[in-house]
Amino acid sequence: IPEVRELDYMVYNFTENREEVAYTFMVTNYSIYSRLTLSAAGSLERHTWIPSSWGWSRFWSLPTDECDGYQSCGPNAYCDLNTSPICNCIGGFDPKNQQEWDLREGATGCVRKTPLSCNGDGFLQLTKMKLPDTMTATVDRSIGVKECEKRCLGNCNCTSFASADVQNGGWGCIMWTGELIDIRNYARR
C-alpha cells in the first residue's frame, strides 16, 4: 500500500506464494489499537483507537483519488491524474465510444486499431504503471523477461507481458490474454 509510511510501532508483512497473496500488519506497541476494514463498496480503511475521545480515528483510507477505483477507465485504457481527461487509450487503441470519451466518460474503454495478426505484432513499453488486473494472466516464475516476451509473441492470444518481480534485475513472467483492465499511471509531473 503506497500511502502507508513506515512507523516504528508497526511491522508490515506482504506474502505472495502459490497459496495466497496477503498483507498483514502487527502493532508492536500494545497501548495502540488498530483495525483494518474493507467495505462492500471496496474502500479500505485503517483506524486507530484514541483513548481520550473513546473513539476510532481514520488513520488512512483508499481509494485516495479518481484513479484508485477499480477499472476507472475501462478495458485497454489507463488512468492518469496528470492528463485531462484522466482516461487514456493505450497506444494502438482508440476509444470504443468516441462520444462518451469526449464527454469524459471512459468506462467503455478502448478497442484495438488493428486486430492481432500473430505476424508482425509488437509491444509498446509502458513505465511507472500499475499492472493490469491478473484475472486473464498466467505466471511463470522460472523464466526471465526476454523469454517472456518471446513466448508472448509466439502466442496469438497474448496481449501483454511483464516481469513478475522487478527487483534485483527482474525475474518471472506474467502474460495476459484478452482485454487489459484496471491500469493506472503512477508517474508524477
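Residues numbered from 1 in each chain as written. Predicted model: local features only at pLDDT ≥ 70, side-chain atom pairs only at ≥ 80, totals over all residues. Heavy atoms only, no water.

Right, let's talk about the domain arrangement of the protein chain for a bit. According to the domain assignment, the protein chain contains domain 1 (10-62) and domain 2 (66-185). Here the C-alpha centroids of domain 1 and domain 2 sit 31 Å apart. (Domains from an automatic or database assignment.)

Throughout this description, disulfide means a covalent bond between two cysteine sulfur atoms. Here the structure, examined in full by the defined rule, presents five disulfides. Between cysteine 89 and cysteine 110 runs a disulfide, and the two sulfur atoms are separated by 2.1 Å. Looking down the S-S bond of the cysteine 89 and cysteine 110 bridge, the torsion is -85 degrees, so its handedness is left-handed. In this pair, cysteine 89 is assigned in strand S7 (residues 87-89) and cysteine 110 in strand S9 (residues 110-112), connecting sequence segments 21 residues apart. (Disulfide = S-S within 2.5 Å. Helix = DSSP H or I, 4+ residues; strand = E, 2+ residues; numbered from the N terminus.)

This brings us to the sheet that holds strand S10 (residues 129-130). One open sheet accounts for four strands, arranged S7-S6-S14-S10; its pairing is mixed. If you trace the sheet from one side to the other, it starts and ends with S7 and S10, each paired once. In this structure, strand S6 (residues 77-79) lies alongside S7, joined through three bridges in antiparallel fashion. Residue pairing for S7: tyrosine 78 is matched across the bridge by asparagine 88. (Pairing = 2+ DSSP bridges.)

This part is about the side chain of aspartate 133. By the element assignment, aspartate 133 lies in the loop between S10 and strand S11 (137-140). Although aspartate 133 is buried, it forms no salt bridge, and the closest oppositely charged side chain is lysine 130 at an N-O distance of 6.9 Å. The contacts of aspartate 133, once residues within four sequence positions are left out, are Tyr70, Trp176, Ile181 and Asp182. (Buried < 20%, exposed > 50% of the residue type's maximum accessible area, 1.4 Å probe, protein only. Lys, Arg positive; Asp, Glu negative; His and termini not counted. Salt bridge = Lys/Arg side-chain N within 4 Å of Asp/Glu carboxyl O. Contact = heavy atoms within 4.5 Å.)

This brings us to the sheet that holds strand S12 (residues 158-165). Read from one edge to the other, the open sheet built from three strands follows the order S11-S13-S12, with strand pairing classed as antiparallel. Edge strands, defined here as strands with exactly one partner in the open sheet, are S11 and S12. Each neighbouring strand pair of the sheet contributes to a mean axis angle of 20 degrees, computed without reference to strand direction. Where S11 and strand S13 (residues 171-177) come together, four bridges link them in antiparallel fashion. By the bridge assignment, aspartate 140 is partnered in S13 with cysteine 173. (Axes fitted to C-alpha atoms, helices over the stretch in contact; angles between N-to-C directions.)

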